[in-house]
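Take a look at the letters that make up each chain.
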Amino acid sequence: MQELLHEPVKGKSELGELLGLMHYMEGLRLISAVELVAPTSDENVTVTDTELSGVPVRLFLPQRPPGGLRRAVLFFHGGGWCLGDAGMHGYDLMSRRISNELNAVVVSVNYRLAPPHRFPAQFEDVYSVTKFFLQDKVLSQYGVDPARVCVAGDSAGGNLAAAVAQQLSEDPEVKTKLKAQVLIYPALQALDLDLPSYRDNAHKPLLPRALMVRFWSEYLSAEPALRAAMAAGRHVPPEAAPLLPLLDWSRWLPAAMRGAHAYEGPALGGAGLARRFPALLDPRACPLLAPEARLRRLPPAFVLTCEHDVLRDDGAMYAARLRAAGVPVTHHHAEDAFHGAMTFLAWPLELAVGHRLFDTCMGWLKENL
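Along every chain, residues carry numbers that run from 1 in the direction the sequence is written. Predicted model: local features are reported for residues with pLDDT of at least 70 only, side-chain atom pairs are reported and counted for 80 or more only, and whole-chain, interface and lining totals are derived from all residues. Side-chain descriptors were evaluated using all non-hydrogen atoms of the structure, hydrogens and water having been removed beforehand.

Asker: Lay out the packing of aromatic side chains in plain terms, naming residues and giving numbers.
Answerer: Pairs were defined over the aromatic rings of Phe, Tyr and Trp, the Trp ring being its six-membered one, requiring ring centres within 6.5 Å. Orientation was assigned from the angle between planes: stacked under 30 degrees, edge-to-face over 60, tilted for the rest. All told, the structure shown has 10 aromatic pairs when counted by the stated rule. Seen in terms of ring centroids, Trp81 and Tyr219 are 4.4 Å apart; in terms of plane orientation they differ by 5°. Their pairing is stacked. Taken together, the positions of Trp81 in the loop between strand 3 (70–76) and helix 3 (89–102) and Tyr219 in helix 8 (residues 209–220) put the pair 138 residues apart, joining distant regions of the chain. Each member of the pair Trp81 and Tyr219 is classed as buried. Put simply, DSSP H or I for four residues or longer makes a helix, DSSP E for two residues or longer makes a strand, and each gets a number counted from the N terminus. The cut-offs for exposure are 20% and 50% of the maximum accessible area for each residue type, with area from a 1.4 Å probe on protein chains only; residues under the lower value are buried, those over the upper are exposed, and the others partly exposed.

Next comes the structure, spelled out in structure tokens:
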């Protein structure tokens with residue numbers, strides 16, 4: 001996620017919302033706009049802003065001769081479904097490097113954001129672009145090998161990548177199968193916001209629990225009541241009871257991540273929650289809720305999690321469930337990293353851990369895509 005914002009910035013956005021001047025996310029969006037860079041080609045990659053299937057994308061085309069058909073990566077940026085842009089410096093740099101180092105076509109999607117757009121708008125945009133790109137005529141137009149296409153994303157984008165991979169596996173209109181999925185500290189469920197990682201990292205910088213609750217609530221509903229219910233753990237519909245074993249962290253988390261925490265499971269809320277907030281139970285919004293039969297059809301996965309991250313356990317549980325379903329999984333857990341670390345690739349936000357995580361991800365793609 002690219003919400004690398006200091007507390008004073010968040011404070012100004014909160015003040016603006018209290019005064020009725022702007023929505024909180026609109027305030028954060030104004031700040032993140034400073035990060036935008038124009039689509040600028042270089043000696044290695046041609047970069048253009050265009051549209052695919054009516055959705056804005058930033059397209060990265062390698063300039064060196066392909067020596068055959070190319071790989072392709074459909075990339076979905078993070079930002080809590082509310083922030084972010086393919087044109088932000090961090091995402092532009094990541095896509096540019098993926099294109100150059102893999103000699104791959106990279107399609108970075110500028111899906112609609114909340115507010116005003118709520119689920120399923122974000123999912124529909126990335127799915128529409130992916131399905132369009134996977135057509136034989138489009139793959140041929142860009143010189144892409146249909147057997148070497150993957151979806152990838154970080155944080156909210158990792159959520160979207162997982163959901164797209166699931167939906168594609170069941171779409172009879174799509175003949176081309178994904179080769180891989182890359183899920184970088186993904187957000188994968190909104191029912192249990194009291195996982196060990198949420199407890200351990202509730203007040204950590206970049207993505208504290210309160211901000212993640214805000215992102216989820218903005219994505220799933222326009223009703224302010226959902227945020228309060230999620231913050232208090234009163235948002236779980238009674239209809240979710242049969243799904244809770246799918247995110248039972250006492251089963252799916254490794255012992256080191258469970259730590260000394262005791263499993264109780266989320267408490268069920270009042271009647272009517274499923275009707276008011278149906279997205280809470282929808283695997284397109286919460287891919288960890290998909291049944292094992294659906295997971296079995298998925299392509300090999302690279303899942304990155306970071307120790308100091310509220311979303312750590314989402315990714316770790318998904319990796320475990322994919323593995324149990326027979327899907328080849330590489331789960332890379334970074335003990336020294338935090339949410340958003342991979343975007344710290346260039347001055348003034350450059351860290352060795354960012355380069356290490358990016359290089360690890362690239363190494364996996366070179367071997368598996």
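Asker: So what's going on with the UniProt feature "domain: Alpha/beta hydrolase fold-3" (unreviewed entry) in the protein chain? Residues and values would help.
Answerer: Residues given the UniProt feature "domain: Alpha/beta hydrolase fold-3" (unreviewed entry) here are residues 73–225 and 281–342. A distance of 30 Å separates the end C-alpha atoms of residues 281–342, which is 27% helix and 29% strand. UniProt positions are given in the numbering used here, feature names are shortened, and annotations may be inferred rather than shown by experiment.

Asker: Tell me about the side chain of Gln189, and name the residues and values.
Answerer: Within the element layout of this structure, Gln189 appears in the loop between strand 6 (180–184) and helix 7 (196–200). For the purposes of these results, a polar contact is taken to be a pair of N or O atoms within 3.5 Å, where, inside protein, one atom must be able to donate a hydrogen and its partner to accept one; residues adjacent in sequence count only when each atom of the pair is a side-chain atom. Here the side chain of Gln189 touches Leu191 through a polar contact of 2.9 Å, landing on its backbone nitrogen. Here Asp192 takes part through its backbone nitrogen, which lies 2.8 Å from a polar atom of the side chain of Gln189. The residues contacting Gln189, other than those within four sequence positions of it, are Leu195, Trp216, Leu247, Cys286, Leu288 and Asp314. By the convention used here, residues are in contact when the closest approach between their heavy atoms is within 4.5 Å.

Asker: Give me the nonpolar core: which residues, what numbers.
Answerer: For our purposes a nonpolar core is just a set of buried Ala, Val, Leu, Ile, Met, Phe, Trp, Tyr and Cys residues, chained together by side-chain atoms within 4.5 Å. Of all hydrophobic cores here, the largest spans 92 residues; its most connected members are Phe76, Val107, Phe133, Met212, Trp216 and Leu220. A per-element tally of this core places helix 6 (residues 156–169) first, with 8 residues. Setting aside residues up to four positions removed in sequence, Phe133 forms contacts with Leu52, Ala72, Leu74, Val105, Val107, Val138, Leu139, Tyr142 and Val144. Core analysis: the second largest hydrophobic core is formed by 34 residues, Val45, Ala104, Cys150 and Ala180 among them.

Asker: Requested: an account of helix 8, with residues and values cited.
Answerer: Because an α-helix packs 3.6 residues into every turn, residues spaced three or four apart end up facing the same way. What a helix should span is 1.5 Å times the count of its residues minus one. The end-to-end C-alpha distance of helix 8, which contains 12 residues, comes to 16 Å, matching closely the 16 Å that a straight helix rising 1.5 Å per residue would cover. Most of helix 8 sits inside the fold, with 11 of its 12 residues counted as buried. Looking only at helix 8, the buried set comprises Arg209, Leu211, Met212, Val213, Arg214, Phe215, Trp216, Ser217, Glu218, Tyr219 and Leu220.

Asker: Could you give an account of the sheet that holds strand 3, naming the residues involved and the relevant values?
Answerer: Strand-to-strand pairing in sheets goes through backbone hydrogen bonds, with the strands running parallel or antiparallel. Here we have 8 strands laid out as an open sheet, ordered 1-2-4-3-5-6-7-8, and mixed in their pairing. Two strands in the sheet have a free side with no partner beyond their single neighbour: strand 1 (45–52) and strand 8 (329–338). Averaged over all pairs of adjacent strands, the angle between their axes in this sheet comes to 20°, without regard to strand direction. We call two strands paired when DSSP finds no fewer than two bridges between them. Pairing of strand 7 (residues 301–308) with strand 8 involves 7 bridges; the strand directions are parallel. The axes used here are C-alpha line fits, helices contributing only the stretch in contact, and every angle between their N-to-C directions lies in the interval 0 to 180 degrees.

Asker: I'd like to hear about unusual backbone geometry, residue by residue, with values.
Answerer: Here the residue pair Phe119 and Pro120 is connected by a cis peptide bond, since its omega of 10° sits within 30 degrees of zero. With respect to the helices and strands, Pro120 occurs in the loop between strand 4 (104–109) and helix 4 (121–133). Residue Asn103 is not a glycine yet carries a positive backbone phi of 50°. By secondary structure assignment, the location of Asn103 is in the loop between helix 3 and strand 4.

Asker: Quick rundown of the pattern of salt bridges? Include the residues and the values.
Answerer: Take a side-chain nitrogen of Lys or Arg and a carboxyl oxygen of Asp or Glu: if they are within 4 Å of each other, that pair is a salt bridge. This structure, assessed with the given rule, holds 22 salt bridges. Of the charged contacts in the structure, one is a salt bridge between Asp42 and Arg96, with a shortest N-O distance of 3.1 Å. One end of the pair, Asp42, is in the loop between helix 2 (24–32) and strand 1; the other, Arg96, is in helix 3, and 54 residues separate them in sequence. Each of Asp42, Asp49, Arg58, Asp92 and Arg96 takes part in salt bridges that share partners, so that together they form one network.

Asker: Describe the UniProt feature "active site" (unreviewed entry) in the protein chain, and please don't skip the residues or the numbers.
Answerer: As annotated by UniProt and renumbered to match this structure, "active site" (unreviewed entry) occupies Ser155, Asp309 and His339. Over a stretch of 185 residues, the named residues converge on one spot in the fold, their C-alpha atoms separated by at most 10.6 Å. Counting through the fold element by element, Ser155 comes out in the loop between strand 5 (144–154) and helix 6. Looking at the secondary structure, you find His339 in the loop between strand 8 and strand 9 (345–346). A polar atom in the side chain of His339 sits 2.9 Å from the side chain of Ser155.

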